[in-house]
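What follows is the residue order along each chain.
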Amino acid sequence: MSSDLTFTHDTRLILPSLLAADWSRVGEEVRRAEEAGARWLHLDVMDGSFVDNLSFGPQMVKTVRRLTGMFLDTHLMMHRADHYLDRFLEAGADNITLHLEADYETSVADTLARIRAAGRQCGLALRPETPFEAALPYVRDIDLLLVMTVVPGFGGQAFMEKETMPKLSQARDYRDENGLHFHLEVDGGVYEDTAAIARRHGANLFVCGTSSFAPPDMGAAMRGLARAVEGSGNQ
Ligand code: DX5
Ligand code: ZN
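Model, not experiment: these values are computed from the prediction. (Residues numbered from 1 in each chain as written. Chains lettered and ligands numbered in written order. Predicted model: local features only at pLDDT ≥ 70, side-chain atom pairs only at ≥ 80, totals over all residues. Heavy atoms only, no water.)

### As for unusual backbone geometry
Applicable threshold: Secondary structure elements are defined from DSSP: runs of H or I of at least 4 residues count as helices, runs of E of at least 2 residues count as strands, and each element is numbered from the N terminus.
Positive phi is not limited to glycine here, since Arg-80 has a value of about 55°. The topology assignment puts Arg-80 in the loop between β3 (71-77) and α3 (81-91).

Rendered as structure tokens:
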């Protein structure tokens with residue numbers, strides 16, 4: 001299992017999202033992402049309740065874990081993530097990101113603490129309509145903040161620039177002014193143009209589903225996305 005996140009938030013990574021892969025040949029798709037240069041792979045877990053879609057659970061995380069040493073960034077779009085947490089930890093997730101808006105048997109804070117106690121990285125995700133202020137009680141305890149740039153639940157949606165970019169730069173400014181270190185991740189509708197916009201607002205982790213897996217030459221797609229987020233990052 002890789003232990004990553006030792007880099008600073010000036011390091012920019014493109015994270016292919018397995019949701020957009022061809023699931024009839026998962027092994028080859030994971031290898032394609034690796035060969036295309038991905039260091040992190042994004043895994044979307046959907047419960048059919050917190051979001052209006054179902055995807056996969058710990059079994060898929062475990063399967064992917066056996067296939068790769070890439071850092072597994074696990075995005076839990078589900079209620080009661082605390083109930084299932086041990087299964088995701090046992091499956092080998094490197095980072096587990098929880099949604100602030102979901103229901104928990106215990107609490108978001110307790111669940112984040114359990115992830116850290118297991119020696120893994122933890123993240124907190126905000127739906128587009130959730131204000132940054134709602135994350136303030138947790139920002140000292142997280143490795144990444146995921147600012148959703150679409151309504152979670154489906155790949156292939158349009159990037160919600162107006163609704164989410166002010167929040168992203170607010171999070172970046174708060175982090176920098178307060179000496180915090182969490183990474184800023186965007187997820188949903190991220191292509192070269194929208195990745196560049198997100199970069200200017202502070203993102204350094206870019207989840208790319210359709211834009212990475214759909215092109216036949218994934219390496220070229222990843223290089224194009226990486227080029228789009230180069231530069232100073234200043235607005
Ligand atoms: C959406 C998921 C995303 C999804 C993004 O709810 O969280 O990770 O895979 O897909 P694209 O990049 O196609 O918008
Ligand atoms: Zn996701």
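### Observations concerning the site of ligand 1
Stated formally: A molecule or strand has a residue near it when one of that residue's heavy atoms lies within 4 Å. Within 3.5 Å is the distance limit for a polar contact, defined as a pair of N or O atoms, with the added protein rule that one can donate a hydrogen and the other accept it, and that residues adjacent in sequence qualify only through two side-chain atoms. The method behind every accessible area is Shrake-Rupley, applied with a 1.4 Å probe, and residues are considered shielded solely by the protein chains displayed.
Around ligand 1 there are 19 residues in total, and Ser-17, Asp-44, Gly-153, Asp-187 and Thr-210 lie nearest to it. In the model, an oxygen atom of ligand 1 is placed 3.4 Å from a nitrogen or oxygen of the His-42 side chain. Within the side chain of Asp-187, one N or O atom sits 2.6 Å away from an oxygen atom of ligand 1. Starting from 390 Å² of accessible surface for ligand 1 in isolation, the protein chains cover 99%.

### Considering helix α2 (residues 58-67)
How we decide: Remark: exposure states derive from per-residue accessible area (1.4 Å probe, protein chains only) relative to the maximum for the residue type, with buried under 20%, exposed over 50%, and partly exposed in between. What the arc measures is the spread of directions leading from the helix axis to the C-beta atoms. We call two residues contacting when some pair of their heavy atoms lies within 4.5 Å.
All buried positions along α2 are accounted for by Met-60, Val-61, Val-64 and Arg-65. The buried residues of α2 all sit within an arc of 140° when viewed along its axis, so they share a single face. In α2, the exposed positions that point more than 90 degrees away from the buried face belong to Gln-59 and Arg-66. Packing partners of the buried residues in α2 comprise α1 (26-35), β2 (40-46), β3 and α3.

### Quick word on the nonpolar core
What counts is decided by this rule: Only buried residues count toward a nonpolar core. Its members are Ala, Val, Leu, Ile, Met, Phe, Trp, Tyr and Cys residues joined through side-chain atoms within 4.5 Å.
Ranked by internal contacts, the top residues of the largest apolar core, which has 67 residues, are Leu-41, Ile-96, Leu-98, Leu-145 and Phe-206. For this core, the element with the most residues is α3, which contributes five residues. Sequence-distant contacts of Ile-96, defined by excluding residues within four places in its chain, comprise Thr-74, Leu-76, Leu-85, Phe-88, Leu-89, Ile-115, Gln-121, Cys-122 and Gly-123. Counting residues in hydrophobic clusters, the runner-up holds 11 residues, among them Leu-13, Ala-125, Leu-144 and Met-148.

### Observations regarding the packing of α2 against α3
The condition that has to hold: Axes here mean lines fitted to C-alpha atoms, for a helix over just the part in contact, with angles spanning 0 to 180 degrees between N-to-C directions. Here the word oblique covers every angle except those under 35 degrees (roughly parallel), over 145 (roughly antiparallel) and from 65 to 115 (roughly perpendicular). Each crossing gets its handedness from the near helix: less than a right angle anticlockwise from the far helix is left-handed, clockwise is right-handed. Three classes are used, and their members are as follows: Ala, Val, Leu, Ile, Met, Phe, Trp, Tyr, Cys and Pro are nonpolar, Asp, Glu, Lys and Arg are charged, and the others, Gly among them, are polar.
Taken N-terminus to C-terminus, the directions of α2 and α3 make an angle of 15°; their axes are 8 Å apart at the nearest point. As far as their axial angle goes, α3 and α2 are roughly parallel. As α2 runs across α3, the sense of the crossing is right-handed. Packed against α2, whose contacting residues are Pro-58, Val-61, Lys-62 and Arg-65, the element α3 presents Arg-87, Phe-88 and Ala-91 at the interface. Grouping the amino acids of the contact of α2 with α3 by side-chain chemistry returns four nonpolar, no polar and three charged.

### Description of the pattern of salt bridges
Heads up, the condition is: In the sections that follow, a salt bridge refers to a side-chain nitrogen of Lys or Arg positioned within 4 Å of a carboxyl oxygen of Asp or Glu.
This model, assessed by the stated rule, comprises 10 salt bridges. Among the salt bridges present, the one from Arg-25 reaches Glu-29, with a minimum N-O distance of 3.5 Å. In this structure, Arg-172 and Asp-173 form a salt bridge, with 3.0 Å as the shortest nitrogen-oxygen distance. The partly exposed category is assigned to Asp-173, whose relative accessible area is 35%.

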